[in-house]
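Notes for the structure review
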Amino acid sequence: MIKLLSHLKPYRIAVTCVLVFVFLQTLSDLYLPTLLADIVDKGVMYADTHYIWRIGGFMLIVALGGTLCSVGASYLSAKAAGGFGRDLRSRLFAHVEKFSLNEFDKIGTASLITRTTNDITQVQMVLTMMMRVLVMAPLMCFGGIIMALSRDVKLSFVIIAIVPVIALVILFISKRTIPLFGIQQKRLDRLNLVLREHLTGIRVIRAFNRTQHEQSRYTTANGELTDTAMRVNRMMAAMMPVMMLIINCASIAIIWFGGIRIDHGGMEVGDLMAFIQYAWQIMFALMFASMMFVMVPRASASAARIQEVLDMQPNIEDPANRAASSGQQAKGSVEFRDVSFRYPGAEMTALTNISFKASPGEVTAIIGGTGSGKSTMLNLIPRFYDTSEGAVLIDGVDVREMTQQALRETIGLVPQKAMLFTGSVTDNIRFGREEATDEEVRHAAAIAQASEFIERMPEGYQSVISQGGTNVSGGQKQRLSIARALVRKPLIYLFDDSFSALDFKTDAKLRAALRPETTEATVIIVAQRVSTVMDADRIIVLDDGQIAGMGTHRELLDNNAVYREIVMSQLSEEEIA
Ligand SMILES: Nc1ncnc2c1ncn2[C@@H]1O[C@H](COP(=O)(O)OP(=O)(O)OP(=O)(O)O)[C@@H](O)[C@H]1O
């Protein structure tokens, strides 16, 4: 929590003003009962109307000053805490953006969302309160005790006897609630995860009639969160009445003993009135402090979750010393040099001793069964993950020696799962290169065989793609993501099973249109279909993370059993011949 509070630095002037304002407001609160006692003892008792008007007017000015300070403190504390929350959210977002896929896998997307939203709000809320209570509670409590002592020492024993009782109640409640806050945030994570899966997978859930199962999963997560929240809130709710009971008992005791002291002539009526007000102020100060005792641990649990993300160092970072440019123009050749890769925490390697070179102007295809490591191979080129052994080189330079920005500028990736963003068709294609002209956008769409369906859309290129691209078909989505990569005109094209949702005819047409566009680029295509890879200059056959064969279609057909098996399962005898 303390570490996070360092983000308040830019708001130190506002925070100082809040502390000063709260200090002044508390002084005015402490001064008012004394003035009241004076009015009663010196004005009312002696029927001195002039005195009552004079001190009454002064009281009004003190109260007004206190109110102004209170308004100022509220305004500035809300402003500082709001700014703190905004800055922290931006900082967290910027930090998470640097994460490699490893860190995303570790924390989980749902938890990252909760941490960036709800956890920061918790800290922000407590901060707003803390700025006031931090000064007000001790000042009011000790100031109240001193003022009460100055009014009547003997009667002050009532207050001194009550304070430990209140302290015990606070201790009892906070000991029970603190552990529950961490659990509550975890349960909120879980609820977000279930909700997220439910909303993104709604089609599958309905198709498999799993709505009821999902509902019960949601109900369980919701119930668990409610349970914890109820337990916490029950205790918090009990705190207020218990405190009020103690304060009222203390008031009765003060009036009882105070009455006796007045009867004996040891105390004045005005003093007793002031005394009661001080007693209430002390109790309220303790109550605010107790609320902080309960809220700070909750915010600390949230702060720890935020700090955990901020402390997490992305395990893929730009090199301190960038590789010196060879002076030659970048061409985009890709080389895997004895590459092995194991996912963090996995027992088996996903790739073992992979070596090959793909040069500009060539099409390299990777084929293999599901889970054989094809996507993993592609993910190593833009450095989504780093190799465990060996190196991936672009134009002879290890990708770890390049900045991620420079590396990714050379790449046009079409991912296995087409991903579109909310915005128009043009916006989505231009995502590949912001400065692309309308002409270039249309050209890319034409090569990707997308112009026909785009022009059929009600507003053509300006038609809006809804969230997650739900208003276009799977094949259309794939074609738009291909257009997005094409408009970038990169040196290296990575197609990760990008033609799978296209029919054979469109697949063939697209690849034919692609050829003249990519004559100078290095093209790497991952595919399941033999027909997609047949014409490639080099086909890599991947089997269980290892290269089982490499060559042209003809060569592999003649001397590679794994490839022949794949081909036999897909093509007829005539097609093979
Ligand atoms: N994030 C991950 N963490 C741990 N293991 C993973 C991860 N992603 C993939 N794997 C494992 O690595 C292996 C290779 O997966 P990869 O996705 O590269 O296969 P693929 O050949 O592309 O399969 P497909 O054709 O089905 O897409 C698989 O055994 C898979 O279970």
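Residues numbered from 1 in each chain as written. Predicted model: local features only at pLDDT ≥ 70, side-chain atom pairs only at ≥ 80, totals over all residues. Heavy atoms only, no water.

A word on the UniProt feature "transmembrane region" (unreviewed entry) in the protein chain
In plain terms, the rule: UniProt positions are given in the numbering used here, feature names are shortened, and annotations may be inferred rather than shown by experiment. Put simply, DSSP H or I for four residues or longer makes a helix, DSSP E for two residues or longer makes a strand, and each gets a number counted from the N terminus.
The sites that carry the UniProt feature "transmembrane region" (unreviewed entry) are, in the present numbering, residues 52–76, 129–149, 155–173, 238–258 and 278–296. As a span, residues 129–149 carries 100% helix and 0% strand, and end to end its C-alpha atoms are 29 Å apart. Secondary structure across residues 238–258 comprises 100% helix and 0% strand; the distance between its end C-alpha atoms is 30 Å.

Quick word on the sheet that holds strand 11 (residues 538–543)
To be explicit about the condition: When DSSP finds at least two bridges between two strands, those strands are taken to pair. Helix axes are fitted only over the stretch in contact, all axes being lines through C-alpha atoms; the angle between N-to-C directions runs from 0 to 180 degrees.
Here six strands make up an open sheet; going across it, the order is 6-9-10-3-11-12 and the pairing mixed. Sheet topology places strand 6 (411–414) and strand 12 (546–551) at the edges, where each strand pairs with a single neighbour. The sheet shows a mean angle of 15 degrees between the axes of neighbouring strands, taken without regard to direction. Relative to strand 11, strand 3 (residues 363–368) runs parallel, the two being bridged by five bridges. Bridge pairing links isoleucine 366 to isoleucine 540 in strand 11.

Topic: the nonpolar core
Buried together is how nonpolar side chains tend to be arranged in soluble globular proteins. Counted only if it meets this: Only buried Ala, Val, Leu, Ile, Met, Phe, Trp, Tyr and Cys residues count toward a nonpolar core, and they belong to the same one when joined by side-chain atoms within 4.5 Å. Accessibility here uses a 1.4 Å probe with only protein chains present; expressed as a share of the type maximum, an area under 20% marks a residue as buried, one over 50% as exposed, and anything in between as partly exposed. In what follows, residue pairs with any heavy atoms lying within 4.5 Å of each other are defined as contacts.
If you look at the biggest cluster of nonpolar residues, it comprises 72 residues, and the most contacted ones within it are Ile166, Ile254 and Ile306. Of all the secondary-structure elements, those providing two or more residues to this core are helix 2 (12–44), helix 3 (49–97), helix 5 (109–151), helix 6 (156–200), helix 8 (211–263) and helix 9 (269–311). Broken down by element, the residue count for this core peaks at 19 residues, all from helix 9. With sequence-adjacent residues up to four places away left out, isoleucine 166 is seen in contact with Met243, Ile246, Met283 and Leu286. Core analysis: the next-biggest nonpolar cluster, separate from the first, contains 46 residues, Ile367, Ile429, Ile482 and Ile539 among them.

Quick look at the pattern of salt bridges
Filter applied, for reference: A pairing counts as a salt bridge when a side-chain nitrogen of Lys or Arg comes within 4 Å of a carboxyl oxygen of Asp or Glu.
For the structure on display, the rule yields 20 salt bridges. Aspartate 38 serves as the salt-bridge partner of lysine 42, at 3.9 Å between the closest nitrogen and oxygen. One end of the pair, lysine 42, and the other, aspartate 38, are both in helix 2, four residues apart, so they sit about a helical turn from each other. Across the pair aspartate 119 and arginine 305 runs a salt bridge whose closest N-O atoms are separated by 2.8 Å. Separated by 186 residues along the polypeptide, aspartate 119 in helix 5 and arginine 305 in helix 9 bring together distant segments of the chain. Each member of the pair, aspartate 119 as well as arginine 305, carries the same accessibility label: buried. Within this structure, Asp507, Arg511, Arg529 and Asp535 form a network of salt bridges that share partners.

Comments concerning the side chain of serine 498
Operational definition: N or O atoms within 3.5 Å of each other form a polar contact, as long as, within protein, one can give a hydrogen and the other can take it, and as long as residues adjacent in sequence are counted only when both atoms are side-chain atoms.
Mapped onto the secondary structure, serine 498 falls in the loop between strand 9 (492–496) and helix 16 (504–517). Classification of serine 498 as buried rests on a relative accessible area of 0%. A distance of 3.2 Å separates the side chain of serine 498 from the backbone oxygen of valine 414, its partner in a polar contact. A distance of 3.0 Å separates a polar atom in the side chain of serine 498 from the backbone nitrogen of aspartate 496.

Focus on the site of the ligand
Put simply, the rule is: By convention in these notes, a residue is near a molecule or strand provided one of its non-hydrogen atoms lies within 4 Å of it. Residue polarity is assigned by list, with Asp, Glu, Lys and Arg as charged and Ala, Val, Leu, Ile, Met, Phe, Trp, Tyr, Cys and Pro as nonpolar; anything else, Gly included, falls into the polar class.
Around the ligand, 14 residues are found, and the nearest of them are Gly371, Lys374, Ser375, Thr376 and Gln416. Contacts to the ligand include tyrosine 343, whose side-chain N or O atom sits 3.4 Å from a nitrogen atom. Between an oxygen atom of the ligand and a side-chain N or O atom of threonine 376, the distance comes to 2.4 Å. For the shell around the ligand, the leading source of residues is helix 10 (residues 374–380), giving three residues. Here the residues of the shell around the ligand are counted per class, giving three nonpolar, nine polar and two charged.

Examining the pairing of strand 12
Pairing between strand 11 and strand 12: five bridges, direction antiparallel. Looking across to strand 12, one finds that isoleucine 540 is bridged to methionine 550. Once strand 11 ends, the chain turns through two residues before running back antiparallel as strand 12, passing aspartate 544 with a positive phi of about 55 degrees.

Considerations on the environment of methionine 140
With respect to the secondary-structure elements, methionine 140 resides in helix 5. Sequence-wise, methionine 140 and glutamine 281 are 141 residues apart; in three dimensions their C-alpha atoms are separated by 6.6 Å. The residues contacting methionine 140, other than those within four sequence positions of it, are Thr26, Asp29, Leu30, Gln281, Ile282 and Ala285.

Describing the sheet that holds strand 1 (residues 334–341)
Read across the sheet, four strands follow the order 2-1-4-5 without closing on themselves; strand pairing throughout is antiparallel. Edge strands, defined here as strands with exactly one partner in the open sheet, are strand 2 (351–358) and strand 5 (397–398). Pairing geometry for strand 1 and strand 2, over five bridges, is antiparallel. What sits directly across from valine 339, in strand 2, is isoleucine 354.

Some remarks on the packing of helix 6 against helix 9
The geometry of a pair of packed helices is captured by two quantities: the angle between their axes and the separation between those axes. In plain terms, the rule: An angle below 35 degrees is treated as roughly parallel, one above 145 as roughly antiparallel, one from 65 to 115 as roughly perpendicular, and anything else as oblique. Here a crossing is taken to be left-handed if its near helix is turned anticlockwise relative to the far helix by less than a right angle, and right-handed if that turn runs clockwise.
The geometry of helix 6 relative to helix 9 is characterised by a closest axis approach of 9 Å and an angle of 20 degrees between their N-to-C directions. Considering their axes alone, helix 6 and helix 9 lie roughly parallel with respect to each other. For the crossing formed where helix 6 meets helix 9, the hand is right-handed. Considering only residue class, the contact of helix 6 with helix 9 consists of 17 nonpolar, eight polar and four charged.

Some remarks on the state of the cysteines
Basically, it comes down to this: Disulfide: a pair of cysteine sulfur atoms within 2.5 Å of each other.
The tally for this structure, following the rule as stated, stands at zero disulfides. Free of any disulfide, cysteine 141 has its nearest neighbouring cysteine sulfur in cysteine 249, separated by 19 Å.

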